[in-house]
Amino acid sequence: MPSLIGGLVCCISFLALEVQATYRLHGGYHPRQHQADSPIVSRQTFQRGFQQQQPFQSVQQGQQQPFQSVEQPAQSQNQRTIDLGETHCKSRPLDLVFIIDSSRSVRPQEFEKVKIFLADMVDTLEIGADATRVAVVNYASTVKIEFLLKTHFDKPGLKAALARIESLAAGTMTGLAIKTAMEETFTEGSGARLTNKNIAKVAIIVTDGRPQDTVEEVAAAARAAGIEIYAVGVDRADMKSLRLMASLPLDEHVFYVETYGVIEKLTSKFRETLCGVDACALGHDCDHICVNNNNNNSYACKCREGYTLNADKKTCSQDANEMSGNELSEDACMCEAQIAFQMKMQSTIKQLTNKLDDLSRKVTQFGVRR
């Protein structure tokens with residue numbers, strides 16, 4: 001009899017241990033807490049080094065211009081970027097028109113240098129219908145539109161068209177060329193995008209002489225129409241005329257090179273000038289997604305699906321419908337845990353019953369032997 005009692009106590013202890021372990025496994029279940037992910041990119045601080053600029057940017061043969069530099073941040077996702085060494089530049093869409101002087105003073109080999117400069121410029125840009133569009137206005141005493149903004153949306157075709165341009169010779173009607181560009185290339189019919197698209201309109205004028213017509217009024221009209229004008233003077237170019245044509249500030253829009261042989265050195269400067277800053281890569285406060293604004297070097301925050309942007313325009317809150325769905329999911333998980341607990345208990349009781357039966361048989365056998 002003492003052995004029987006001891007066996008029962010042993011079985012009850014075993015049952016208690018099994019129930020306790022099962023409770024810890026299933027009864028201690030807690031609903032999963034749904035938390036928003038951490039921000040994609042944390043705010044970073046970058047030091048910028050600025051070089052003092054002269055009233056006119058001059059590139060002499062054998063010299064390299066010092067440019068503004070920014071420490072290179074980590075590459076952000078979904079951004080088209082161009083590697084500028086120390087600067088982080090994001091290719092922004094432009095409506096870009098080159099206005100090139102091919103008057104008699106520009107020798108054939110010098111004009112070839114101009115075309116190489118234009119091709120190098122194209123290589124630094126993202127070309128396409130939704131990216132940068134390029135047109136060329138060729139001028140001397142007459143003006144010829146070589147191709148419009150809507151003509152070439154691929155880089156190979158655009159560069160091939162540049163290579164086919166021929167000089168016109170004769171005079172230098174710069175004012176007429178600006179007027180033609182404003183009225184016939186920077187129009188919707190010619191491929192320029194609407195003002196509400198916020199695509200920058202840029203004209204780059206390359207000349208080596210003094211205009212034979214008036215440029216001040218027509219250039220002012222073009223600037224008033226929203227066209228940003230850069231003036232590049234070569235060799236004998238009239239600096240006063242360049243200043244009258246260019247947009248403000250002049251130290252950022254007027255350039256001078258001594259010869260056509262070094263005009264290619266301006267490529268990297270324009271690449272830096274025309275690109276947009278990747279504001280998101282420079283650091284942001286967005287809770288979920290950072291989106292660059294192409295034309296003002298700023299950014300805006302967006303939320304992932306199922307979340308709403310808060311009043312601070314930075315953080316995100318989960319939508320009520322999404323939260324309700326999560327509660328249902330948690331209830332389902334709790335139900336699964338309860339079923340698992342019940343099945344575990346049934347299995348434990350069955351094992352205990354078998355052990356009691358086995359113990360009972362052993363007690364009976366022991367009694368018969370006595």
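Residues numbered from 1 in each chain as written. Predicted model: local features only at pLDDT ≥ 70, side-chain atom pairs only at ≥ 80, totals over all residues. Heavy atoms only, no water.

A. Up close: the state of the cysteines. Counted according to the given criterion, the structure contains three disulfides. The partner cysteine of C280 in its disulfide is C290, sulfur to sulfur 1.9 Å. Here C280 and C290 share a disulfide; its torsion about the S-S bond, -85 degrees, makes the bridge left-handed. Here the residue C280 occupies a position in the loop between strand 12 (276-277) and strand 13 (289-293), and C290 occupies one in strand 13, the gap between them amounting to ten residues. Assessed through its relative accessible area of 4%, C280 is described here as buried. By relative accessible area, C290 is classed as buried at 15%. The disulfide partner of C286 is C301, and the gap between their sulfur atoms is 1.9 Å. What sets the handedness of the C286 and C301 disulfide is the S-S torsion sign, and at about -80 degrees it is left-handed. (Disulfide = S-S within 2.5 Å. Helix = DSSP H or I, 4+ residues; strand = E, 2+ residues; numbered from the N terminus. Buried < 20%, exposed > 50% of the residue type's maximum accessible area, 1.4 Å probe, protein only.)

B. The packing of aromatic side chains, seen in detail. All chains considered together, the criterion is met by three aromatic pairs. Considering the side-chain rings of F117 and F270, the 6.3 Å spacing of their centres and the 55 degrees angle between planes classify their relative orientation as tilted. You can see F117 sitting in helix 2 (residues 108-123) and its partner F270 sitting in helix 8 (residues 266-274), a full 153 residues away along the chain. Classification of F117 by relative accessible area gives buried; the value is 0%. By relative accessible area, which is 0% here, F270 ends up buried. Arranged with centres 5.0 Å apart and planes meeting at 55 degrees, the rings of F255 and F270 form a pair that is tilted. (Phe/Tyr/Trp six-rings, centres within 6.5 Å; stacked < 30°, edge-to-face > 60°.)

C. Representation of unusual backbone geometry. Omega for the peptide link from L248 to P249 comes to -5 degrees, which places this bond in the cis form. Position of P249 relative to the elements: it lies in the loop between helix 6 (239-245) and helix 7 (250-253). Of note, the phi angle at A169 is positive, near 65 degrees, even though the residue is not glycine. Within the fold, A169 resides in the loop between helix 3 (155-163) and helix 4 (174-185). Given the relative accessible area of 32%, A169 is considered partly exposed. Residue N198 is not a glycine yet carries a positive backbone phi of 60 degrees.

D. The arrangement of the pairing of strand 9 (residues 200-207) in detail. Where burial is concerned, most of strand 9 is hidden: eight out of the eight residues are buried. Along strand 9, one buried face is formed by A200, V202, I204 and V206 and the opposite face, lined by K201, A203, I205 and T207, is buried too. Sheet topology note: the strand 6 (residues 94-101)/strand 9 ladder contains seven bridges and is parallel. Pairing of V97 across the sheet is with A203, part of strand 9. Crossover handedness for the path strand 9 to helix 5 (residues 216-224) to strand 10 (residues 227-234): right-handed. (Pairing = 2+ DSSP bridges. Right-handed = clockwise from strand over helix to strand, strands pointing away.)

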